[in-house]
Amino acid sequence: MLRAIVEVLQPEPAPFPVICGTSAGAVNAVVLASHAGDLPHGVERLVSFWSGLHCGRIYRTGAWSVLSSALRWFLALSSGGLLKVAPQALLDNEPLRELLEGALQLGGIDAAIHGGHLRGAAVTASAYTRASAISFYQGSEDIEPWQRTRRQGQPTRLRVDHVMASVALPMIFPAQRLGNEYFGDGGMRMQAPLSPAIHLGADRILVIGTRDERPDPEPTAPASYPSAGEVGGYLLDTVFMDTLNADLARLRRINRTLSMMPQEQRAATGLRPIDTLVIRPSRDLRVVTAEHAAAFPPAVKLLLRTLGGWGRDWRMASYLLFEAEYCQALIQLGYEDGLRDARRIADFFHAP
């Protein structure tokens, strides 16, 4: 999608002074923030990063690693907690840390801020002890930390640890320790995913979604009981999609209310209207996942079959597939969708 936006906006090199990301989006956010003064270069780095992946560079895919983790879960459950053998997660994503440490150029964030190309970048993770969404941000000195119910903004210098915390899918990847607390995927507690961008000063927000809005059809015959894999995938979708849609609806209601208020009353609220452009994929990514499911490493495929996340519903699988052909198919889909939405994109960025 960003590659298409670069083509639409040429020759504008730095259209995003505020960049925020959660989960896999945290990787995209810090790469773009590191090259905020040269969007085309940042986008090409992202394309190169995702196009060359395979699952083994994200998490350990060896049979012993995957199956021993599953076995420890089984032993912990069967012993009633008497055996202290429970693993931290289903999969070990330490390879991702090694990949990010070699690929990210986080020093570029400071350079972009001092060069006036970037106002702020934020990565959100969920604090398990405080049960809150913490948006770690790096930005201009005039940005004030914020505190709201179950969410806050904390200034910091963004590191690989923050990205690892944001991508720690619950139960699937291990939690990441930051300071005295463990953190997991930022989507779990973030009830207002647009808020970090607004607190960093954005008045227009481009939202790139990962699920289309078309509801699944009602079954024509009695459905079988949902498996653990299906329930897990459903919960992940709820974490990432439902809160975004709810926040967008809330933002539109606030905008509508502000538009009906006199200017002096509007100023007294402390609120400001926020324009949004939401772009969603034209295809269901579960369908794309099914088309590339054969690329899964055998041990991971076995794990998904065991959990019931294989075949009937590809939600959970779609969060675990990182093979190059699959990523390239998603990149191509985003690019084509972006060109299809070129008029909307141009109007949004060039509007006064």
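The structure this text deals with has already been given above.
In this text, all values refer to a predicted model and were calculated from it rather than measured experimentally.

A. Layout of the overall build of the protein. Along the protein, the regular secondary structure elements total 15 helices and 9 strands. For 352 residues, the compact-globule estimate of 2.2 N^0.38 gives 20 Å, and the C-alpha radius of gyration of the protein, at 21 Å, lies within 12% of that figure. On the principal axes, the C-alpha backbone points of the protein span a range of 65 × 45 × 40 Å. At a minimum sequence separation of 6, the contacts of the protein that also span at least 24 residues come to 72%.

B. Just the packing of aromatic side chains, in detail. Under the criterion given, the structure shown has 9 aromatic pairs. Measuring from ring centre to ring centre gives 5.6 Å for F16 and F349, while their planes differ by 75°; the resulting arrangement is edge-to-face. Residue F16 is located in the loop between α1 (2–9) and β1 (18–22), and its partner F349 is located in helix α15 (residues 342–350); the two are separated by 333 residues in the primary sequence. Here F16 and F349 have matching classes, each one buried. Aromatic side chains Y59 and F322 sit 6.4 Å apart centroid to centroid with 75° between the ring planes, which places their arrangement in the edge-to-face category.

C. The nonpolar core, seen in detail. One finds Y59, L91, L100, L118, F296 and L320 to be the most contacted residues of the largest nonpolar core, which totals 81 residues. In terms of residue count, helix α2 (residues 24–34) provides more of this core than any other element does, 7 residues in total. Among residues more than four places away in sequence, those in contact with L118 are F16, P17, V18, I19, A33, A36, I109, A112, I113 and S140. Within the second largest apolar cluster, 16 residues are counted, among which are A122, A202, L248 and I274.

D. Looking closely at the packing of α1 against helix α14 (residues 324–340). Orientation of α1 relative to α14, taken along the N-to-C sense of each, is 35°, at an axis distance of 7 Å. Considering only the axes of α1 and α14, their crossing is right-handed. Between α1 and α14, the contacting residues are R3, A4 and E7 on the first element and Y335, G338 and L339 on the second. In the contact of α1 with α14, the residues fall into 3 nonpolar, 1 polar and 2 charged.

E. Geometry of the pattern of salt bridges. One pass over the full model with this rule turns up 16 salt bridges. The shortest N-O distance in the salt bridge between R97 and E94 comes to 3.7 Å. Residue R97 and its partner E94 are located together in helix α5 (residues 94–103), separated by 3 residues, close to a single helical turn. On the accessibility criterion, R97 (14% relative accessible area) is buried. Across the pair R340 and D337 runs a salt bridge whose closest N-O atoms are separated by 2.5 Å. Within this pair, R340 and its partner D337 are both found in helix α14, separated by 3 residues, close to a single helical turn. Residue classification places D337 among the buried residues on the basis of a relative accessible area of 4%.

F. Expanded view of the side chain of R315. Mapped onto the fold, R315 is located in helix α13 (residues 315–318). If sequence neighbours within four positions are ignored, R315 has contacts with R211, D216, G233, Y234, D237 and R286.

G. Representation of the side chain of E230 within the structure. Mapped onto the elements of the fold, E230 is located in helix α9 (residues 228–259). At a separation of 2.9 Å, a polar atom in the side chain of E230 contacts the main-chain amide nitrogen of S227. Here E230 is in contact with Y225, G308, R312 and D313, once residues within four sequence places are set aside.

H. Representation of the pairing of strand β2 (residues 120–127). Taken across its 8 residues, β2 has 8 buried, putting it largely inside the fold. The alternating pattern of β2 places G120, A122, T124 and S126 and A121, V123, A125 and A127 on opposite faces, both of which are buried. In terms of strand pairing, β1 meets β2 through 5 bridges, oriented parallel. Looking across to β2, one finds that T22 is bridged to T124. Inspection of the sheet shows β2 paired to strand β3 (residues 132–139) by 8 bridges, in the antiparallel sense. What sits directly across from T124, in β3, is S135. Once β2 ends, the chain turns through 4 residues before running back antiparallel as β3, passing A131 with a positive phi of about 55°.

Each value, and the rule that gives it
Residues numbered from 1 in each chain as written. Predicted model: local features only at pLDDT ≥ 70, side-chain atom pairs only at ≥ 80, totals over all residues. Heavy atoms only, no water. Helix = DSSP H or I, 4+ residues; strand = E, 2+ residues; numbered from the N terminus. Rg over C-alpha atoms; globule rule 2.2 N^0.38 Å. Contact = heavy atoms within 4.5 Å. Phe/Tyr/Trp six-rings, centres within 6.5 Å; stacked < 30°, edge-to-face > 60°. Buried < 20%, exposed > 50% of the residue type's maximum accessible area, 1.4 Å probe, protein only. Core = buried A, V, L, I, M, F, W, Y, C linked by side-chain atoms within 4.5 Å. Axes fitted to C-alpha atoms, helices over the stretch in contact; angles between N-to-C directions. Left-handed = near helix turned anticlockwise from the far one by under 90°. Nonpolar A, V, L, I, M, F, W, Y, C, P; charged D, E, K, R; others polar. Salt bridge = Lys/Arg side-chain N within 4 Å of Asp/Glu carboxyl O. Polar contact = N/O pair within 3.5 Å; in protein donor to acceptor, adjacent residues only side chain to side chain. Pairing = 2+ DSSP bridges.

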